[in-house]
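# Structural features, examined
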Amino acid sequence: FARRSGEDTLTDAERELLDERFERIVGSSLSGVTLWLQAFPETSSFLYEDSIKDSILWKPLTNSKSSFRLKGYELLGSMCRHAKSTVYGTVGSNYLPKLMPGIVSQEKEAANIPRLFEVLLQYVNGGETGTLNRVQLVKSINKMLRNACYASSPLLWGPAMLPMLVSIKEEQLIVSVLSALLDGREAT
């Protein structure tokens, strides 16, 4: 913005315009990385982990803007399919197992929940997640289910439930998820 002399602060309209631009730029960048990974997946001779040595890729997953989190979920899903060395290698294994339960428990945007469940399934079933605390993850999932997924349509996230139950594998945890599903149904 061209500032007039003597003006040091942005007007509300200018601030809103800058926020919208910032959101479009970051969202487009995340979408671009997602598309890049789909177009150029890892091969036996090329691993993304050799190029990515930072945890910056996980920052959108915990952002306060729901649109950034959604783009972050899409990026993580693409990485689970096309850049496994980054997700399950040194970079991802140091951060993601600690982040996932918190990400699930903090997501309250109804539009993001179906994609979050899909990505969670891709992450848990896509590779080695040995340090992931499944009990804590299931507690976070149960919290979301008891709150009826914050009014997200079950038609969108429901198809992920059966594969989710299969991936949990521990009977006690499966029963707790089913109980949370029933509690959430009664909450609506």
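Right above here is the structure, for reference.
Starting afresh in each chain, residues are numbered from 1 along the sequence in its written order. Only residues with pLDDT of at least 70 are given local features in this predicted model, and only at 80 or more are side-chain atom pairs given and counted; all residues enter the totals for whole chains, interfaces and linings. Water and hydrogen atoms play no part in the side-chain values, which are based on all heavy atoms of the structure.

## Quick word on the nonpolar core
Definition in use: In this text, buried Ala, Val, Leu, Ile, Met, Phe, Trp, Tyr and Cys residues form a nonpolar core when linked through side-chain atoms within 4.5 Å. Only protein chains enter the accessibility calculation, which uses a 1.4 Å probe; a residue is then buried when its area is under 20% of its type maximum, exposed when over 50%, and partly exposed in between. A helix here means a DSSP run of H or I that spans at least four residues, while a strand means a run of E at least two residues long, and both kinds are numbered starting from the N terminus. Note on definitions: a residue-residue contact is assigned when non-hydrogen atoms from the two residues lie within 4.5 Å.
Membership of the largest hydrophobic core comes to 43 residues, with the highest contact counts inside it found for Trp 58, Leu 76, Val 87, Met 100, Phe 117, Tyr 123 and Leu 145. For this core, the secondary structure elements donating two or more residues are helix H1 (12-39), helix H2 (66-82), helix H3 (84-88), helix H4 (90-106), helix H5 (113-126), helix H6 (134-146), helix H8 (161-168) and helix H9 (171-187). Of all the elements, H5 adds the most residues to this core, at 8 residues. For Leu 76, the residues in contact, after removing those within four places along its chain, are Trp 58, Leu 61, Val 87, Leu 96, Met 100 and Val 119.

## Let's talk about empty space enclosed by the protein
Threshold: Buriedness for pockets is judged along seven lines, at least five of which must meet protein on both sides within 12 Å for an open set on the 1 Å grid over protein atoms alone, while cavities are sets there where a 1.4 Å probe fits but cannot get out, and lining residues have an atom within 4 Å of a point. Grid points are joined across faces, edges and corners, and a volume is the space filled by probe spheres set on the points. Ten residue types, Ala, Val, Leu, Ile, Met, Phe, Trp, Tyr, Cys and Pro, are classed as nonpolar, four, Asp, Glu, Lys and Arg, as charged, and the remainder, Gly among them, as polar.
Across all of its chains, the model carries 1 cavity of 30 Å³ or more by this definition. Within this model, the largest cavity holds a volume of roughly 90 Å³. In terms of lining residues, the largest cavity is bounded by Leu 120, Leu 121, Val 124, Arg 134, Leu 137, Val 138, Ile 141, Met 164, Ser 167 and Ile 168. Of all the secondary structure elements, the ones that give two or more residues to the lining of the largest cavity are H5, H6 and H8. By residue number, the principal contributor to the lining of the largest cavity is H6, which donates 4 residues. Among the residues forming the lining of the largest cavity, the class breakdown is 8 nonpolar, 1 polar and 1 charged.

## Concerning H5
Note the cut-off: Residue count minus one, scaled by 1.5 Å, sets the expected span of a helix.
Along its 14 residues, H5 runs 19 Å from first to last C-alpha, staying within 8% of the 20 Å computed at 1.5 Å per residue. Within H5, 10 of the 14 residues are buried, which leaves the element mostly enclosed by the surrounding structure. Those residues of H5 that fall on the buried side of the exposure criterion are Ile 113, Pro 114, Arg 115, Leu 116, Phe 117, Val 119, Leu 120, Leu 121, Tyr 123 and Val 124. Those residues of H5 that are buried lie in contact with H2, H3, H4, H6, helix H7 (154-157) and H8.

## Remarks on the environment of Ala 148
With respect to the helices and strands, the residue Ala 148 is situated in the loop between H6 and H7. A relative accessible area of 13% places Ala 148 in the buried class. Put simply, Ala 148 and Thr 86 are 62 residues apart on the chain and 33 Å apart in space, counted from C-alpha to C-alpha.

## Let's talk about the pattern of salt bridges
Defined as follows: Put simply, a salt bridge is a Lys or Arg side-chain nitrogen that is within 4 Å of an Asp or Glu carboxyl oxygen.
A complete count under the given rule lists 5 salt bridges for this structure. Across the pair Asp 12 and Arg 15 runs a salt bridge whose closest N-O atoms are separated by 3.6 Å. Here Asp 12 pairs with Arg 15, and both are found in helix H1, just 3 residues apart, close to one helical turn. On the accessibility criterion, Arg 15 (40% relative accessible area) is partly exposed.

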